[in-house]
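# Architecture and fold: a report
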Amino acid sequence: MIEFINVRKSYGAGNLMATALEDINFKIEKEEFVSFVGHSGAGKSTILKLIYAEEKPTSGEIIFNGEDISKISSRQLPYHRRRIGTVFQDYKLLPKKTVYENVAFALEVSGYLTREIRQSVPQILDIVGLSNKLGSYPHEISGGEQQRAAIARALVHRPALIIADEPTGNLDPISAWGIIQLLLKINKLGTTIVLATHDKDIVNNVKRRVITLDQGRIIRDHSKGRYAI
Ligand SMILES: Nc1ncnc2c1ncn2[C@@H]1O[C@H](COP(=O)(O)OP(=O)(O)O)[C@@H](O)[C@H]1O
Ligand SMILES: [Mg+2]
């Protein structure tokens, strides 16, 4: 599904140029659950941004479903991004909309019919375990529930891939583990998951593939990996 071939990414220019990623090679198959781990500044978020084509590589190729997205045109960008759901540390929910409206809004802006929205949104909120919070506003629910709402919003377009950048960064360990279990369940339903985290306990409990980054390079790539850095 995703392949990085000799990818390098530098930010800035001239004397201020700094290399964030170097010599990055990996392949992620459909329906895998992969965690990128490493210290702050190791390059985890940059990998996710390259997958989402929010950043372009300085050199190398990024193949997504057989297509090179490293030189993707702005016209093709929306089509690429529609295949990917994004989840972040801060939930980015609209504060004046309810949980239901937050999820429905993502479909409204894509031109879905009211009938389709009324059918889809409750189904997705059921998957994330928020059926009883449809009418709540973000400030009325816990951080874990807000993240569930954000995950529901990421799922509405039925993406083939979810990228989650430190999705548990603002949560206590119990809520955090709940979010990871939800991502594992979504993975079981057929969605590929790419997670970036520096949470050691989470990575060690997930028991899936772990790619470890150190100063912009891959130093380890293990199936059923552990956090060791
Ligand atoms: N927009 C940017 N401009 C300049 N440098 C950046 C930018 N984004 C990230 N970096 C640098 O790239 C390196 C990797 O950052 P990042 O991918 O955010 O790492 P991580 O997510 O593992 O903390 C860091 O040295 C960071 O300072
Ligand atoms: Mg980061």
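In this text, all values refer to a predicted model and were calculated from it rather than measured experimentally. (Residues numbered from 1 in each chain as written. Chains lettered and ligands numbered in written order. Predicted model: local features only at pLDDT ≥ 70, side-chain atom pairs only at ≥ 80, totals over all residues. Heavy atoms only, no water.)

## Describing the site of ligand 1
Every residue lining ligand 1 is accounted for by Tyr-11, Ala-20, His-39, Ser-40, Gly-41, Ala-42, Gly-43, Lys-44, Ser-45 and Thr-46. With respect to ligand 1, the side chain of Ser-45 contributes an N or O atom lying 2.8 Å from an oxygen atom. Protein contact buries 57% of the 560 Å² of open area that ligand 1 shows by itself. Sort the elements by how many residues they give to the shell around ligand 1 and helix α1 (residues 44-51) lands first, with three residues. Broken down by class, the residue content of the shell around ligand 1 amounts to three nonpolar, six polar and one charged. (Near = heavy atom within 4 Å. Polar contact = N/O pair within 3.5 Å; in protein donor to acceptor, adjacent residues only side chain to side chain. Areas by Shrake-Rupley, 256 points an atom, 1.4 Å probe, with all protein chains shown as cover. Helix = DSSP H or I, 4+ residues; strand = E, 2+ residues; numbered from the N terminus. Nonpolar A, V, L, I, M, F, W, Y, C, P; charged D, E, K, R; others polar.)

## Let's talk about unusual backbone geometry
A positive phi is found at Asp-23, a non-glycine position, where the angle reads about 55°. Residue placement: Asp-23 occurs in strand β2 (residues 18-28). With a relative accessible area of 47%, Asp-23 lands in the partly exposed category. Despite not being glycine, Gln-215 shows a phi value in the positive range, around 45°. Along the polypeptide, Gln-215 turns up in the loop between β9 (209-214) and β10 (217-222). (Buried < 20%, exposed > 50% of the residue type's maximum accessible area, 1.4 Å probe, protein only.)

## Here we look at the packing of helix α5 (residues 143-155) against helix α6 (residues 173-188)
In contact at an axis separation of 9 Å, α5 and α6 are set at 20° when each is read in the N-to-C sense. Taken as axis vectors, α5 and α6 run roughly parallel relative to one another. Handedness of the crossing formed by α5 with α6: right-handed. Only Ser-175, Gly-178, Ile-179, Leu-182, Leu-183 and Ile-186 of α6 make contact with α5, whose side of the interface consists of Gly-144, Gln-147, Arg-148, Ile-151 and Leu-155. Broken down by class, the residue content of the contact of α5 with α6 amounts to six nonpolar, four polar and one charged. (Axes fitted to C-alpha atoms, helices over the stretch in contact; angles between N-to-C directions. Parallel < 35°, antiparallel > 145°, perpendicular 65-115°, else oblique. Left-handed = near helix turned anticlockwise from the far one by under 90°. Contact = heavy atoms within 4.5 Å.)

## Digging into the sheet that holds strand β7 (residues 161-165)
With mixed pairing, six strands are arranged side by side in an open sheet as β6-β7-β8-β3-β9-β10. Only two strands of the sheet have a single neighbouring strand rather than two, namely β6 (84-87) and β10. Sheet twist, expressed as the mean angle between neighbouring strand axes with direction ignored, is 15°. Contacts from α1 reach β3 (33-37), β6, β7, β8 (192-197) and β9 within the one sheet, and its direction differs from that of β7 by about 150°. Here α6 sits on the sheet and contacts β3, β7 and β8; the angle it forms with β8, its principal contact strand, is near 155°. (Pairing = 2+ DSSP bridges.)

## Considering the pairing of β7
The element β7 is extensively covered by neighbouring structure, given that five of its five residues are classed as buried. Of the two faces of β7, the one carrying Leu-161, Ile-163 and Asp-165 and the one carrying Ile-162 and Ala-164 are both buried. In this structure, β7 lies alongside β8, joined through five bridges in parallel fashion. Of the residues in β8, the one forming a bridge with Ile-163 is Val-194.

## Focus on the packing of helix α3 (residues 99-108) against helix α4 (residues 114-127)
Where α3 meets α4, the axes come as close as 10 Å, and the angle between the chain directions of the two elements is 125°. Relative to α4, α3 is oriented oblique. Relative to α4, the crossing made by α3 is right-handed. In this structure, α3 contributes Val-99, Tyr-100, Val-103, Ala-104, Leu-107 and Glu-108 to the contact, and α4 contributes Ile-117, Arg-118, Ser-120, Val-121, Pro-122 and Leu-125. Class assignment of the residues belonging to the contact of α3 with α4 gives a composition of nine nonpolar, one polar and two charged.

## Considering α1
α1 sits mainly inside the fold: six of its eight residues count as buried. Count one or two residues on from α1 and you reach Ala-53, which has phi positive near 60°.

## Let's talk about the sheet that holds β2
Strand order in the open sheet formed by four strands is β2-β1-β4-β5, with antiparallel pairing between adjacent strands. The open sheet terminates on both sides in strands that have one partner only, identified here as β2 and β5 (67-68). Pairing geometry for strand β1 (residues 2-11) and strand β4 (residues 59-64), over five bridges, is antiparallel. Residue pairing for β4: Ile-5 is matched across the bridge by Glu-61. Against the sheet, α1 contacts β1, β2 and β4, and its axis sits at roughly 115° relative to β1.

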